[in-house]
Each structure stands twice: as C-alpha cells, then as structure tokens.
Amino acid sequence: MQAQQISIFLENKAGRLSEVTRILSDAGVNIRALSLADTSDFGVLRLIVDDNEKAENTLKQGGFTVKTTPVVAALVNDRPGGLHGILDLLTRNGINVEYMYAFVQQSGDNAVMIFRFDKLDEAARILSENGVEIIDGDRLYAM
Amino acid sequence: MIFNIEYETMPREALESIQLRRLQATLSRVYAAVPFYRKQLDDAGVKPGDVRCLSDLSRLPFTTKQDLRDNYPFNMFAVPMDNVVRIHASSGTTGQPTVVGYTARDIDTWAELMARALSAGGATRGDIIHNAYGYGLFTGGLGVHYGAEKLGASVIPVSGGNTRRQVIIMKDFGPSILTATPSYSLHLAEAAEEMGVSFRDLNFRFGVFGAEPWSESMRREIEEKLHLKAVDIYGLSEVIGPGVSIECHEAQKGLHIFEDHFIPEIIDPETGQPLPWGETGELVITSITKEAFPVIRYRTRDITSLNPEPCICGRTMARMNKVSGRTDDMLIIRGVNVFPSQIESVLMEIKGVEPHYQLEVDRKDNLDILTVRVEISDAAFSDEVKELQRLSETIGNNIKETLGVSASVKLAEPKTIARSEGKAARVIDRRKL
Ligand SMILES: [Zn+2]
C-alpha cells in the first residue's frame, strides 16, 4: 500500500533546486509531486517521480545525498472538511503525521495527498478500514 | 617483525650512552660547520664540550622554523655541496619554504629508518607496497620508496593523484600495504566505491598513514572502509622526513621514536621549559646522526606526549602519542584552545556522521564565532527536517561539552568541502586580528 518518495538534502544556496530538476529532466524522469521543507540553513526536497531508481541513481551521481522514503498516498475528498476527517481519524488512533503535501492532479473531485507517518503500516490500515482510498506506488507514479 | 633487533630493542641505558656520544659529535660538527649554530651556542654561552650528560641538552637554544627560513636555501647545511646528494623542500604554504639536504649516508640512514617503520607497520619482504605519497620535493613519496626497497618489498611508485587509475592498480596488482595520507586514503575509498570496487575484495593487510594529524576515530573509519589495519607514521622534512617515529601494528598505541637517531623532548610551548615524561606539550627533536642537515632542539610545533613504558612488540624505543594538534593549527576561540582534531573526534562519536568537516572562524562585534560545516552522509540523512535539526543540535552540544566552546553547526551537501588529494583544509580563519 506504500509509495516511495525521493528525499534530497539541499543546502540553502542559489541554484541547488534547479540543479536537481535539471538532472532529473536530463535523465528523462518526470516529477509528479514536489515539496520543499526548509530552514535557514538547509532544506529537504521531497519528490514523487515516475522512476524512483533512475532518479536516485542520477541524483547520487550528481553528488546529492538522496534517500527513498516510504509514504502513503491517499485520496481526499476535495470539499470542505475532507482533509480534516482524515487527520481527525488518525489523531484518534494515535498516529502522527510527520508531514504531508498535495499531489498535482489535473481533474476529478478528489485530491491526492502524500502522507509521511511515524507508524506507516498502521496508518495505511486504519485509513483503508475507514473507507479512505489508498493509491499504491505503481498507480501513483503513472497518474 | 623488527627490522633492526639490535637497536630497536636496546636497553635504555645502552641507548642513552649511544645518544650522548652521538649528540656530542653532532654538536662539535655543527659548531664548526654552521654559522647559525655557532652563533646560537655562543649567544647562550655554551660550548659543545659543556654537554656532558643528556640533561645538558636543555641548556641549548631552540631552533625554529623561522630560523630555517632565515637561512634559506642552503645556509643550514653542515657539509659542502659536493657531499650533498639530495635536496628536498617543504611546501611554503606560509612564507618561505624550508630546504633540506642529505648526504649519501643520510639517504642510507633514512632508508634504514623507513625500513624499520614499514616493518613495524606490518610490511615484510614479500609485500607489495602501494605508495600513494607524493613523489617530489615532498619527502613522503621518496622516503617510503627507499625504505620499501631497503626492506626488500616491492614498491609501486604510484604517487598522489589520478585516483581512478590508482583504484585500477590496487585491483590489478594486488598490493598488500597502502602508504598514503589518511585523508587521501578515504578519498581512495570513495573513488573505489564510486567505481564499484570493494576494498573487501582487495589484498590490503596494513596501511601506513601520516603527514597530517588524524584521530583515533578516523583510524576506525579507515580500517572499516579499507579493510586493513592502520598505523600512524610520523616525521617532518626538517628532521629527516617520514620515519622519525612509527606505531607498531601489534599495539597501535603510540609511535616508537627511533631514539638512536633522534632525541625527543616535550616542552611547554609557552615557556619553553622541558616537561616530564607523560605530560603533553610541544615535541622538540634533536637529530644525532644526520650529516648534511642536523637539527638541534628543533621545535616541531606538534603537540604530543612521551611514554617510556615497554611495549608488547618488544621495542624499547619510547613512544610518542598520536599528535593531537599543532601549536600553529591551534585556534584560540574566545580564549579556549581548540584543535581541529578534537572536533573530528566529536563528529566521529556520532553515528552516521563522517569526518568531512571544516571549521570557519569569524569575529563579529569582538566576539569569535565558530562555525562547523559537516557534510551530511547517506547514513545520517533523514527526510524529516526535525531529525536533521536534532542531529545538528547534537553535534553542537557535544562540541560544547567536550571542548567548552559554542559552535554553530551547518549541515552541508556531500563533497562540498574542499578535499585536496593530499592534506585536507580544515580551517578557514577570517578573523582580522
Ligand atoms: Zn610497539
């Protein structure tokens, strides 16, 4: 039920983010979702791509610190309260959301959210048991 | 194996009588042949004949790096140029380089000392030595080379640089001993990894590393990554080059000083007073067999201590502890003495952190600001910002705890801290004092 995310360490200096996107575009890797968490000194770039292995290898060759991280992609109702319902459900079950971000999608009534949990498998199980649709990696990368 | 059983295991009493005789002969020669030393002794009111026991050594004046520079290039030579067969020079990173000369006998002495050193480090006649010290004016390359030949081992004079080719040679020639600077050995490990070559599959048994200070934790890292036993070698071109002292692979605890050729002392770098065995201070060396370029009480600026206890390897020569810093690498930050090697040890104690770091010192509003840049390795990287912040806090706290100085820690992308193929640039001091 998991999907893989590519996480990249970035120093806070000009041009590093575009260096990542350049490397991936040269390698023909498509970025499906992107989130940048940064502090005054450094940032962590998180990507969902269509080819994890190629992305990881080319970025490592490009001198970046890269890691793949398991995440859960869930379908969230694109209406008021849709996200709240999910977060509430998780809180009640003692699951912490480390971070989350939206997946870019062109159409439809649902939004895809990427979640990173402390207890990943348990979180995925609770979500599906409560009728939240989880999107597995293969489907996600092709979206 | 002990290369020269007679001298290396000599009882201290016999050793000291040889030292005294050789010291007296050296003093008479330099007094007669080197105007600098004659003036030094005259100014101090000491005649070579006044030195009647080893403790009289402390009556002689020191020789400093600046003295050698002032006598650039050949004025410290104690023999006519006709008798000099080799010239080396130290890198003049700051100011004038220092030039040293060797007679044929000096070259032979040096080869003997390096053969002893390589033996203590685990090498035998049957070994193939991959010598990645630079060949040239720097003494490292040729020092190891002559010692290896004296020992009867096979030496690959690969020198520094062209790292990918070195990896191929290591794979194809199967050398069993690596000689290199410790930072270059890690550079080799990185290059091998990038090329898909594992040191696990190579033939190395021992590595002899020196020419720059390195910590115990760096030793652990090298041993783990290169799959060999790592020993420390010490020397400086002003004294002879590598081969002044060497760690035995049996104990890996302190470097045996070849005391039949050099007399070591430890002094307080501030006052110049000799310190007793075991106390930490600046190492001072007097050469007692060199012909072309003898040094009397040369201040090495290296910080260490001496240990006369017998060693499990059987050598009786006193051991100096691993050099923990240099008096001139020492940073004084808000009044606290800081050696880069101490920061390195702190980093190596933290899981997943590699010793790729750089210290930056600035002065803002009359306050010293220490910034430690640390490269983030795959092992230490997390996709969660708070984990990375926790890591940088841990590094900062451990530095504060161990060194008593606050540092701001900046995590850096891999390979962004300049790694030279020889020595690593550890400190950028931007203070205008
Ligand atoms: Zn020993």
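Residues numbered from 1 in each chain as written. Chains lettered and ligands numbered in written order. Predicted model: local features only at pLDDT ≥ 70, side-chain atom pairs only at ≥ 80, totals over all residues. Heavy atoms only, no water.

Chemist: Talk me through the coordination of the zinc ion; I want residue IDs and the actual numbers.
Modeler: Residue and element names in this part refer to chain B. Every protein donor of the zinc ion is accounted for by Cys248 (SG), His256 (NE2), Cys311 (SG) and Cys313 (SG), and the metal-donor separations fall at 2.1 to 2.2 Å. Going along the chain, you hit the donors of the zinc ion in the pattern C-x7-H-x54-C-x1-C. Of the two residues examined, Cys311 and Cys313, each falls in the buried class. (Donors = N, O, S within 2.8 Å, 3.2 Å for Na, K, Ca; no water. Buried < 20%, exposed > 50% of the residue type's maximum accessible area, 1.4 Å probe, protein only.)

Chemist: Break down the interface of chain B and chain A for me, with residues and values.
Modeler: Opposite the 19 residues of chain B that make contact, chain A presents 24 residues. Carbon and sulfur atoms supply 54% of the area that chain B and chain A bury against each other, a total of about 1,700 Å² over both sides. The largest per-residue losses of area from chain B upon contact with chain A belong to Phe381(B), Asp383(B) and Glu413(B), which jointly make up 43% of the total buried on that side. Here chain B is connected to chain A by seven salt bridges. Across the pair Arg116(A) and Asp383(B) runs a salt bridge, and its minimum N-O distance is 2.7 Å. Taken together, the links from chain B to chain A amount to 10 residue pairs in polar contact (both at pLDDT 80 or more). Here the residues of the side of chain B that touches chain A are counted per class, giving eight nonpolar, four polar and seven charged. (Contact = heavy atoms within 4.5 Å. Buried area = accessible area lost by both parts, 1.4 Å probe. Salt bridge = Lys/Arg side-chain N within 4 Å of Asp/Glu carboxyl O. Polar contact = N/O pair within 3.5 Å; in protein donor to acceptor, adjacent residues only side chain to side chain. Nonpolar A, V, L, I, M, F, W, Y, C, P; charged D, E, K, R; others polar.)

Chemist: Provide a residue-level description of the sheet that holds strand 20 (residues 408-412) of chain B, including the pertinent values.
Modeler: Residue and element names in this part refer to chain B. Spatially, the four strands line up as an open sheet ordered 20-19-18-21, and their pairing is mixed. Sheet topology places strand 20 and strand 21 (427-429) at the edges, where each strand pairs with a single neighbour. Averaged over all pairs of adjacent strands, the angle between strand axes in this sheet comes to 20°, irrespective of strand direction. Pairing of strand 18 (residues 357-364) with strand 19 (residues 367-375) involves eight bridges; the strand directions are antiparallel. Looking at strand 19, one finds that Tyr357 is bridged to Val374. Relative to strand 18, helix 10 (residues 340-348) is tilted by about 125°, and along the sheet it contacts strand 18, strand 19 and strand 21. Along the sheet, helix 11 (residues 385-403) makes contact with strand 19 and strand 20, crossing strand 20 at roughly 135°. (Pairing = 2+ DSSP bridges. Helix = DSSP H or I, 4+ residues; strand = E, 2+ residues; numbered from the N terminus. Axes fitted to C-alpha atoms, helices over the stretch in contact; angles between N-to-C directions.)

Chemist: I'd like to hear about helix 11 of chain B, residue by residue, with values.
Modeler: Because each turn of an α-helix spans 3.6 residues, side chains separated by three or four positions end up pointing in the same direction. Residue and element names in this part refer to chain B. Taking 1.5 Å of rise per residue, 19 residues should cover 27 Å, and helix 11 covers 27 Å from first to last C-alpha, within 8% of that figure. Taken as a whole, helix 11 has its buried residues at Val385, Leu388, Leu391, Ser392, Ile395, Gly396, Ile399 and Leu403. Projected down its long axis, helix 11 shows its buried positions confined to an angular sector of 130°, all on one face. In helix 11, the exposed positions that point more than 90 degrees away from the buried face belong to Glu393 and Glu401. With its phi angle positive at about 75°, Gly404 sits one or two positions after the end of helix 11. (Expected span 1.5 Å × (residues − 1). Arc of directions from axis to C-beta.)

Chemist: Which residues make up the packing of helix 2 (residues 12-33) of chain B against helix 3 (residues 35-44) of chain B, and what values go with them?
Modeler: How two helices sit against one another is set out by the angle between their axes and by the gap between those axes. Residue and element names in this part refer to chain B. Between helix 2 and helix 3, the shortest axis-to-axis distance is 5 Å and the interhelical angle comes to 110°. Taken together, the axes of helix 2 and helix 3 lie roughly perpendicular to each other. Of the residues in helix 3, those in contact with Val30, Tyr31, Ala32 and Ala33 of helix 2 are Pro35, Tyr37, Arg38, Leu41 and Asp42. A breakdown of the residues in the contact of helix 2 with helix 3 according to their chemical character gives seven nonpolar, no polar and two charged. (Parallel < 35°, antiparallel > 145°, perpendicular 65-115°, else oblique.)

Chemist: Describe in detail the environment of Thr402(B), supporting the description with residues and values.
Modeler: Residues and elements named next belong to chain B. Relative to the elements of secondary structure, Thr402 occurs in helix 11. According to the relative accessible area criterion, Thr402 is exposed, its value standing at 54%. Within polar-contact distance, the side chain of Thr402 engages the backbone oxygen of Asn398 at 2.7 Å.

Chemist: I'd like a rundown of the pairing of strand 20 of chain B, residues and numbers included.
Modeler: One face of the sheet, then the other: side chains in a regular strand alternate in exactly this way. All names here are of chain B. Relative to strand 20, strand 19 runs parallel, the two sharing five bridges. In the sheet register, Val374 faces strand 20, and the bridge partner there is Leu411. After leaving strand 19, the chain enters helix 11 and then returns to the sheet as strand 20, a path that is right-handed. (Right-handed = clockwise from strand over helix to strand, strands pointing away.)

Chemist: Report on helix 4 (residues 120-129) of chain A, specifying residues and quantitative values.
Modeler: Residue and element names in this part refer to chain A. All buried positions along helix 4 are accounted for by Leu120, Ala123, Ala124, Ile126 and Leu127. The buried residues of helix 4 occupy an angular sector of 165° when projected down its axis, which confines them to one face. The exposed residues of helix 4 that point more than 90 degrees off its buried face are Asp121 and Glu129. Gly131 occupies a position one or two residues after helix 4 and carries a positive phi of about 80°.

Chemist: If you had to explain the environment of Asp78(A) to someone new, which residues and values would you point to?
Modeler: Residues and elements named next belong to chain A. Structurally, Asp78 is set in the loop between strand 4 (66-77) and helix 3 (82-92). The exposed category is assigned to Asp78, whose relative accessible area is 55%. C-alpha separation for the pair Asp78 and Val112, spaced 34 residues apart in sequence, amounts to 9.0 Å. Once you skip the residues sitting within four places of it in the chain, Asp78 turns out to touch Asp109, Asn110 and Ala111.

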